[in-house]
Amino acid sequence: MPVLDRETYLTNRVDDQLSWLSRASKVNKRVFLGLRIFEIVLGTSITIVSPYAARLPWGPLVIAMAGGGIALSGGWLALNRNQENWVRYRGLGESLKREKYLFLTGTPPYDVEQGAFTRFVTTSEALMLEERAGWARQVSQQVEADVPVSPSVARGS
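Residues numbered from 1 in each chain as written. Predicted model: local features only at pLDDT ≥ 70, side-chain atom pairs only at ≥ 80, totals over all residues. Heavy atoms only, no water.

**Section: the confidence of the model for the protein**
Next up, step 1: Mean pLDDT over the protein: 88, with 89% of residues reaching 70 or higher.
Next up, step 2: Per-residue pLDDT stays below 50 along residues 149-157; that stretch engages in two contacts with residues further than four places along the chain or on separate chains. (pLDDT = per-residue confidence, 0-100. Contact = heavy atoms within 4.5 Å.)

**Side note on the nonpolar core**
Generally speaking, a soluble globular protein has its nonpolar side chains buried in company with each other.
Next up, step 1: Counting 16 residues, the largest nonpolar core has Tyr9, Val14, Leu21, Leu96, Phe103, Tyr110 and Phe120 as its most contacted members.
Next up, step 2: Listed by contribution, the elements that provide at least two residues to this core are helix 1 (6-49), helix 3 (82-105) and helix 4 (116-146).
Next up, step 3: For this core, the element with the most residues is helix 1, which contributes six residues.
Next up, step 4: Once you skip the residues sitting within four places of it in the chain, leucine 96 turns out to touch Val14, Gln17, Leu18, Leu21, Ser124, Leu127 and Met128. (Core = buried A, V, L, I, M, F, W, Y, C linked by side-chain atoms within 4.5 Å. Buried < 20%, exposed > 50% of the residue type's maximum accessible area, 1.4 Å probe, protein only. Helix = DSSP H or I, 4+ residues; strand = E, 2+ residues; numbered from the N terminus.)

**Here we look at the packing of helix 1 against helix 2 (residues 59-80)**
Next up, step 1: Helix 2 packs onto helix 1 with a crossing angle of 155 degrees between their chain directions and a minimal axis gap of 9 Å. In this view, helix 1 runs roughly antiparallel relative to helix 2, as classed from their interaxial angle. Read as a crossing pair, helix 1 and helix 2 show a hand that is left-handed. Residue-level contacts link Val31, Phe32, Leu35, Arg36, Phe38, Glu39, Leu42, Gly43, Ser45, Ile46 and Val49 of helix 1 to Gly59, Val62, Ile63, Ala66, Gly67, Gly69, Ile70, Ser73, Gly74, Trp76 and Leu77 of helix 2.
Next up, step 2: When its residues are assigned to classes, the contact of helix 1 with helix 2 shows 13 nonpolar, seven polar and two charged. (Axes fitted to C-alpha atoms, helices over the stretch in contact; angles between N-to-C directions. Parallel < 35°, antiparallel > 145°, perpendicular 65-115°, else oblique. Left-handed = near helix turned anticlockwise from the far one by under 90°. Nonpolar A, V, L, I, M, F, W, Y, C, P; charged D, E, K, R; others polar.)

**Re a nonpolar patch on the surface**
Next up, step 1: Together, Leu33, Ile37 and Val41 make up a nonpolar patch on the protein surface, roughly 270 Å² of accessible area in all.
Next up, step 2: With respect to the element layout, valine 41 can be found in helix 1. (Patch = residues over 30% accessible without salt bridge, like charges linked within 9 Å, V, L, I, M, F, W, Y side chains within 5 Å. Areas by Shrake-Rupley, 256 points an atom, 1.4 Å probe, with all protein chains shown as cover. Salt bridge = Lys/Arg side-chain N within 4 Å of Asp/Glu carboxyl O.)

**Some remarks on the packing of helix 1 against helix 3**
Next up, step 1: Direction vectors running N to C along helix 1 and helix 3 enclose 155 degrees, while the axes themselves pass 8 Å from each other. Here helix 1 is positioned roughly antiparallel relative to helix 3, judged by the angle of their axes. As for how helix 1 packs across helix 3, the hand of that crossing is left-handed.
Next up, step 2: The class makeup of the residues in the contact of helix 1 with helix 3 is 14 nonpolar, eight polar and seven charged.

Below you can see the structure in the form of structure tokens.
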């Protein structure tokens, strides 16, 4: 693999990562806020319809469907962790952007020409590695929570 120069690294690695983080953060924010608003609307509809439910032929159905919708929305948010992902992606994007601007302006710790690019790459890759490690932990926690352990495995037999 050839050695990447400054411009290639900035464009193909850092800028691509910043674009992905921005898109992923926006998607997770939209999903999180959309489902929370959905839950609020459904919860409010239960409050409004419940006094009349016995007198309306569709009242019990509306209440049941709204309750089911709230449960589905809450389950989706718990499973996908959209709020966590939104905040994590935004935070990493801002940290990576900060390092990029410090590097491009020659601001400390990138103010010494010799070794500045190497330091920038090392710092950027450490930030990206931290995100991948966070993602791996999240997946691992989901797997542990979703997979029941048999009693013999739990005892170590």
